Amino acid sequence: MKKQRIKCVAFIFLVLITLMGCSSDTSQEGSGESGADVSQELTYATTSDVVGLSPIDTNDSVSSAVIEQVYETLFVRDPETMEIKPHLAESYETPDNTTWEIKLKEDITFHDGTPFNAEAVKYTFEQFMSEERAAPRASLLEPVESIEVKDEYTVVIKTKEPYGPLLAALSHTNASIVSPEADKGGDLNQNPVGTGPFVFEEWVQGDHVSLSANEDYWQGAPQLKNVTMKVVPEYSTAVSMLQTGEVQFIDAIPTEQLPRIESLKNVEVQKREGTPVYYLGFNMNKEPFNDINFRKAVSHAIDREAYVKQLNGLGIKNESLIGPKVFGYNEEAADAGYSYDPEKAKQLIEENGFGGQEITLLAANRESYMKMAEIVQAQLTEVGLNVEIETMEWGTFLDTTTEGNFQMTFLGWSNSTADGSELLYPNLHSDNIGSSNRMSYSNSDFDQLVKESRETVDQEVRRQKLIEANQIAVEDAVWVPMHHGVVTVAYDKSVKGLQIDPTGQWSLYNVHRE
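Residues numbered from 1 in each chain as written. Predicted model: local features only at pLDDT ≥ 70, side-chain atom pairs only at ≥ 80, totals over all residues. Heavy atoms only, no water.

### A look at the sheet that holds strand 7 (residues 154–159)
Phase 1: Across the sheet, which stays open at both edges, the 4 strands sit in the order 4-5-7-6 with antiparallel pairing between neighbours. The sheet is open, and its two edges are formed by strand 4 (89–96) and strand 6 (144–151), each paired on a single side. The sheet shows a mean angle of 20° between the axes of neighbouring strands, taken without regard to direction.
Phase 2: Judged from the 5 bridges that link them, strand 5 (residues 99–104) and strand 7 form a sheet pairing that is antiparallel. By the bridge assignment for strand 7, E101 is matched with V156. (Pairing = 2+ DSSP bridges. Helix = DSSP H or I, 4+ residues; strand = E, 2+ residues; numbered from the N terminus. Axes fitted to C-alpha atoms, helices over the stretch in contact; angles between N-to-C directions.)

Below is the structure:
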């Protein structure tokens, strides 16, 4: 009798083990993970490592993706309406055209436990404006004359002249508010401290950045408990990892990968017309790139319509530097540039002695830029130029182009503010030669119009100034706009609540997994 009872218990135990094994297998097949609570973890794959983790000291889209989760801005742009609304700010008023009084939300703390208040805002913006610190996007606050603390939760910003894009500037990722104590006592590029929904855990350079949920977040803790930004240099590898469930989220989908991603049964794809612009630029400090006839020849040599067709709906052809989703766009600029005309290109090359000119196209090692470089190389070769491609890792590329050590290169601008002033001023105004104006473009008429577009709060006047400035830049062929962006994300179907806005930015705060 005792032996039978033992056999019975053993049999029940064996059945339970079998059932548990089946349950485990089912979970693994559905989620691509083993034993983990999929609703609490998410891995995002990026082809490049972050440059740094301080909003004051960086200016690139890869770093911004992490910064967006850790830090916050006073204002944000609604992704649907594109209107600016308060975030860390409670409200604002403008007693006159050069004064902005901003009331802040109360009872918010930084990740290090120090209080978010007017002193923190003043400190952040003064560091941002400091010549010694040399913030890459200092141009956002260049018109600001002073920042004053009126009381613990009220900051007063005074500008030198009326500054129409101020709220747009304050919604930019690089205008995120940092913990003064953390900045004074450490290196925010290595150890970021903000008020956002996720807290920094570690950065293993070249491999990953890890974040965890801010359980004390002022809007309530996020549902995701752990987020990993994984560096996967080859996009095709990232797609394979998305397919197997090793990663759950990728963005900036290259055209050649789109059909494969759309065929994956476990993956959703989001696409929407966006604010980014991608372009071929010329170093105006070097010959013959400072010659408008050379720039016209290059522009006539590139068949952008055929190039955009290859993007399978992930790009829009438009000659305008300011795109359709950006404030200051005018439809007349869409066809105002130098259209594809290889015979005209050859004529300009022959007449100006550019034949056989040796050119190095510099491209960051990202698939989209490499694709542009290969197409442009082939088309410029066809019209008689001698073209080579040089590639660089993202961080090195940014340093190299800022230093002006290139001839022609490919760049993009996400237009995070969706405001034309904050496209033209940092990238092409002569004030920013040596920093964000990587092309060293200088045109006094253009400069004046861009300046005027920033120095009025009358939005219709601003729009007209931007239209005129944009026209000058198009006629100067300062950039060859390769395409205006369609922003994209692809994610595992277990991911819910993810929303991408026209700037290409996204937040993981409202995301969970099922």
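### With respect to the layout of surface pockets
Phase 1: Roughly 770 Å³ of volume is contained in the largest pocket.
Phase 2: For the lining of the largest pocket, the secondary-structure elements that each account for two or more residues are helix 2 (61–70) and strand 2 (75–77).
Phase 3: Examining the composition of the lining of the largest pocket, we find that 3 residues originate from one element, strand 2, more than from any other.
Phase 4: For the lining of the largest pocket, the residue count by class is 10 nonpolar, 14 polar and 6 charged.
Phase 5: Size it by volume and the second largest pocket reaches roughly 320 Å³.
Phase 6: Along the walls of the second largest pocket sit 17 residues, with M129, E131, A138, S139 and E142 positioned nearest its centre. (1 Å grid on protein atoms, 1.4 Å probe; cavity = no way out; pocket = protein on both sides within 12 Å on 5 of 7 lines; lining within 4 Å. Points joined across faces, edges and corners; volume = space filled by probe spheres on them. Nonpolar A, V, L, I, M, F, W, Y, C, P; charged D, E, K, R; others polar.)

### Regarding the packing of helix 8 (residues 292–301) against helix 10 (residues 342–351)
Phase 1: At their nearest, the axes of helix 8 and helix 10 sit 7 Å apart, and the two run at 155° to each other. Relative to helix 10, the element helix 8 lies roughly antiparallel. Considering how the two elements wind past one another, helix 8 and helix 10 form a crossing that is left-handed. Residue-level inspection shows N293, K296, A297, H300 and A301 of helix 8 in contact with helix 10, the latter providing P342, K344, A345, L348 and I349.
Phase 2: Residue composition of the contact of helix 8 with helix 10, grouped by class: 6 nonpolar, 2 polar and 2 charged. (Parallel < 35°, antiparallel > 145°, perpendicular 65-115°, else oblique. Left-handed = near helix turned anticlockwise from the far one by under 90°. Contact = heavy atoms within 4.5 Å.)

### As for unusual backbone geometry
Outside of glycine, negative phi angles account for most residues, and trans bonds account for most peptide bonds.
Phase 1: Residue P288 follows E287 across a cis peptide bond; omega there is -5°.
Phase 2: Its identity is not glycine, yet A134 carries a phi of approximately 55°, on the positive side.
Phase 3: Tracing the chain through its elements places A134 in the loop between helix 3 (118–129) and strand 6.
Phase 4: Residue classification places A134 among the exposed positions, given a relative accessible area of 53%.
Phase 5: The phi torsion at N312 lies on the positive side, around 55°, for a residue other than glycine.
Phase 6: Checked against the element boundaries, N312 lands in the loop between helix 9 (304–309) and strand 13 (315–316). (Buried < 20%, exposed > 50% of the residue type's maximum accessible area, 1.4 Å probe, protein only.)

### Describing the pattern of salt bridges
Phase 1: One pass over the full model with this rule turns up 19 salt bridges.
Phase 2: The shortest N-O distance in the salt bridge between K85 and D78 comes to 3.5 Å.
Phase 3: Owing to a relative accessible area of 18%, D78 belongs among the buried residues under this scheme.
Phase 4: K230 is the salt-bridge partner of D207, the closest N and O atoms lying 3.0 Å from each other. One end of the pair, D207, is in the loop between strand 8 (198–204) and strand 9 (208–213); the other, K230, is in strand 10 (residues 226–231), with 23 residues separating them in the sequence.
Phase 5: Residues participating in the shared-partner salt-bridge network are R137, E142, K160, E422 and R454. (Salt bridge = Lys/Arg side-chain N within 4 Å of Asp/Glu carboxyl O.)

### A few points about the packing of aromatic side chains
Phase 1: Taken as a whole and judged by the stated rule, the model has 16 aromatic pairs.
Phase 2: Seen from their ring centres, Y44 and F249 are 5.0 Å apart, and the 45° between their planes marks the pair as tilted. Placement of the pair is Y44 in strand 1 (residues 41–46) and F249 in strand 11 (residues 249–251), with a sequence separation of 205 residues. Take Y44 and F249: they sit in the same class, and that class is buried.
Phase 3: Linked through ring pairs, Y278, Y369, W394 and F397 together constitute an aromatic cluster.
Phase 4: The lysine or arginine in question, R366, covers the ring of W394, its NZ or CZ lying 4.4 Å from the ring centre.
Phase 5: The ring of Y425 carries the charged tip of R454 above its face, separated from the ring centre by 3.6 Å. (Phe/Tyr/Trp six-rings, centres within 6.5 Å; stacked < 30°, edge-to-face > 60°. Lys NZ or Arg CZ within 6 Å of the ring centre and 35° of its normal.)

### Concerning the environment of G337
Phase 1: For G337, the position within the fold is in the loop between strand 13 and helix 10.
Phase 2: Note: C-alpha distance between G337 and W479 (142 residues apart in sequence) is 9.8 Å.
Phase 3: Residues contacting G337, with those up to four places away along its chain left out, are E319 and V474.

### Some remarks on the nonpolar core
Soluble, globular proteins show a tendency: their nonpolar side chains are buried together.
Phase 1: Core analysis: the largest hydrophobic core is formed by 146 residues, its most contacted members being L74, F125, I250, M408 and L508.
Phase 2: With 8 residues, strand 17 (residues 479–492) is the largest single contributor of residues to this core. (Core = buried A, V, L, I, M, F, W, Y, C linked by side-chain atoms within 4.5 Å.)

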